[in-house]
Amino acid sequence: MKRNNRREKNLIVKIFGTLGLLATLATTGVAYEFNGTWKAPLGANPDCPVVIHACTTSFPVGSEWFVALEQAVNKWNKNPSNFRFQLRSKKIVGGIEGRLFRPRPKPFLDVTGNLCRSRHANEIWFGAWVAGETGTAVTYLLSPGRQMVEADVVFYRDPKGEVGPKWTTQMKPYRNLVAYGGPYRSFRHVAMHELGHVLGLRHTGDQYSLMGQGFRHTGVNAGKARCYPGEDASHAAVELYGLDCRAKENLSVTHWKYSGKANDDGYAVSVQCKVYDECGHVLGSEDRDSSQEKLGRRFLVSRGQSVQVEFTRENTGKSAQEVRISYLLSEDDDINAWDREIAFVDGVCFERDSVDTQKTMIQLPHDLEVGKEYFLGVWVDSEGAVDEHNEKDNWTYLVIRVKE
Ligand SMILES: [Zn+2]
């Protein structure tokens with residue numbers, strides 16, 4: 001993905017180089033950086049959304065692509081700030097090379113060969129994949145003096161579908177996605193990341209964030225991936241546009257975590273969480289792959305062993321919460337309230353500023369079956385104390401196999 005994002009990174013750098021902008025907020029625990037903000041009332045009032053136009057040739061109304069884009073917008077619109085997007089469909093005939101404050105390397109064509117761009121309107125379209133390029137999507141920003149004026153998003157694909165990113169709108173099965181070793185680039189995850197740029201955000205380099213490796217900023221349960229703005233980007237939106245007093249609460253958990261900053265492009269790199277022994281050493285693991293499909297790794301445990309299990313928890317809602325977190329044991333990858341609870345921790349605090357990745361010590365039961373695979377699940381707010389806008393993102397898991 002580092003290679004795949006290089007074109008986008010180069011462009012963003014070029015914009016900053018040209019305009020001399022470098023905006024970084026360094027308040028407590030905040031990792032995000034921003035390029036600019038929209039001029040009020042845009043972003044200052046949820047009733048004044050930033051309008052983005054989906055090109056009808058790339059995103060026919062009712063198509064899976066339009067629906068996926070619409071759902072990405074809807075997910076962003078549940079962020080706790082005053083910022084909202086509004087998606088409209090726009091038929092654009094012919095090409096207009098706007099007079100812009102930056103060079104544009106070449107005109108971009110959508111899959112039908114139409115130029116799909118106009119001046120001072122925010123547009124989203126699919127551009128033709130160019131052989132030899134490695135970028136999958138790019139957001140062009142016009143933001144003199146830190147004021148956002150225009151943002152255009154281009155996704156690249158080969159009109160013939162032979163080279164370039166293999167896009168999918170499907171989130172199930174999750175293991176088809178690049179993040180899990182599959183062949184498909186998740187359009188929804190990349191759309192969420194690019195919409196973060198449209199909101200005004202730059203890349204995040206120092207915590208788990210949608211604005212890092214967006215394709216690895218994902219939740220998983222019951223075989224399905226989910227994309228979401230996440231705590232870092234949600235908190236950035238609140239800092240930039242203010243808290244919506246009508247915002248709802250939301251907590252979530254994922255088995256991905258921050259692992260460092262990519263050397264060459266500044267993206268936060270994500271890796272999967274792990275299971276450790278009681279001293280904090282990573283447990284041995286093995287491939288789950290069958291002959292047909294890649295299934296990832298599983299950690300090797302013993303019956304009755306005390307282990308530290310690691311997950312990343314986020315608050316993407318209105319305010320800080322203290323809730324119970326339960327740890328569950330399941331025989332399948334659908335973690336739910338009917339699974340066996342083996343431990344819980346009360347009073348776990350979810351602030352809304354920076355992401356928390358933490359290990360929790362639990363003891364595995366003695367009655368596990370040797371040789372068998374289990375799903376070590378986590379359930380945040382297992383007492384249902386918080387009324388959330390999404391209750392389905394409170395579950396995920398790591399995989400273990402009992403060796404003795
Ligand atoms: Zn980006």
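Everything here concerns the structure above.
Residues numbered from 1 in each chain as written. Predicted model: local features only at pLDDT ≥ 70, side-chain atom pairs only at ≥ 80, totals over all residues.

Q: If you had to explain the sheet that holds strand S22 (residues 340–350) to someone new, which residues and values would you point to?
A: As summarised here, the arrangement of the six strands in space is S18-S19-S25-S24-S21-S22, forming an open sheet in which the pairing is mixed. In the strand order of this sheet, the two ends are held by strand S18 (285–287) and S22, each with one partner. If you compare each strand with its neighbour and ignore which way they point, the axes differ by 30 degrees on average. (Pairing = 2+ DSSP bridges. Helix = DSSP H or I, 4+ residues; strand = E, 2+ residues; numbered from the N terminus. Axes fitted to C-alpha atoms, helices over the stretch in contact; angles between N-to-C directions.)

Q: Got a sec to walk through helix H4 (residues 230–241)? Specific residues and values, please.
A: Between its first and last C-alpha, H4 extends 16 Å over twelve residues, near the 16 Å set by a 1.5 Å rise per residue. Buried residues of H4: Gly230, Glu231, Asp232, Ala233, Ser234, His235, Ala236, Ala237, Leu240 and Tyr241, and no others. Buried residues belonging to H4 abut strand S2 (33–34), strand S3 (37–38), helix H3 (187–199) and strand S20 (306–315). Downstream of H4 by a residue or two, Gly242 has a phi angle that is positive, lying close to 85 degrees. (Expected span 1.5 Å × (residues − 1). Buried ≥ 20, exposed ≤ 12 C-beta atoms within 10 Å, placed from the backbone. Contact = placed C-beta atoms within 7 Å.)

Q: Go over the sheet that holds strand S7 (residues 137–142) with me, naming the residues and quoting the values.
A: Taking strand neighbours across the sheet as the criterion, the five strands line up as S5-S4-S6-S9-S7 in an open arrangement whose pairing is mixed. Because the sheet does not close on itself, it has two edges, and the strands there are strand S5 (85–90) and S7. Geometrically, the sheet is characterised by an average inter-axis angle of 25 degrees between neighbouring strands, direction not taken into account. Pairing of S7 with strand S9 (residues 150–157) involves six bridges; the strand directions are antiparallel. Residue pairing for S9: Val138 is matched across the bridge by Val154. On top of the sheet, helix H2 (residues 64–76) reaches strand S4 (50–55), S5 and strand S6 (122–128); it is set at about 160 degrees to S5, its chief contact.

Q: How would you explain the nonpolar core if you had to name every residue and give the values?
A: In this structure, Leu69, Ala72, Ala191 and Leu195 are the most contacted members of the largest nonpolar core, which totals 55 residues. Per element, the largest residue contribution to this core is seven residues, and it comes from H3. Beyond its immediate chain neighbours, meaning those up to four positions away, Leu195 contacts Ala72, Val73, Trp76 and Phe85. Of all hydrophobic cores here, the second largest spans 34 residues; its members include Cys273, Ile335, Tyr374 and Leu376. (Core = buried A, V, L, I, M, F, W, Y, C linked by C-beta atoms within 7 Å.)

Q: Residues and numbers for H2, please.
A: Spanning 13 residues, H2 covers 18 Å between terminal C-alpha atoms, matching the ideal 18 Å at 1.5 Å per step. Turning to H2, its buried residues number three or more, namely Ala68, Leu69, Ala72, Val73, Lys75 and Trp76. For H2, the buried positions fall inside an angular range of 160 degrees around the axis, keeping them on one side. Buried residues belonging to H2 abut S4, S5, S6 and H3. (Arc of directions from axis to C-beta.)

Q: Describe the environment of Thr357, listing the residues and the values that go with them.
A: Inspection of the secondary structure assignment puts Thr357 in strand S23 (residues 356–363). Exposure remark for Thr357: the 17 C-beta atoms within 10 Å place this residue in the partly exposed category. C-alpha of Thr357 to C-alpha of Tyr258: the two residues are 99 residues apart in sequence and 8.2 Å apart in space. Those residues in contact with Thr357 that lie beyond four places of it in its chain are Tyr208, Lys257, Tyr258, Glu310 and Thr312.

Q: Report on the environment of Asp265, specifying residues and quantitative values.
A: Inspection of the secondary structure puts Asp265 in the loop between strand S15 (256–261) and strand S16 (268–272). The exposure class assigned to Asp265 is buried, which follows from the 20 C-beta atoms found within 10 Å. Along the primary structure Asp265 and Gly205 are separated by 60 residues, whereas in three dimensions their C-alpha atoms are 8.9 Å apart.

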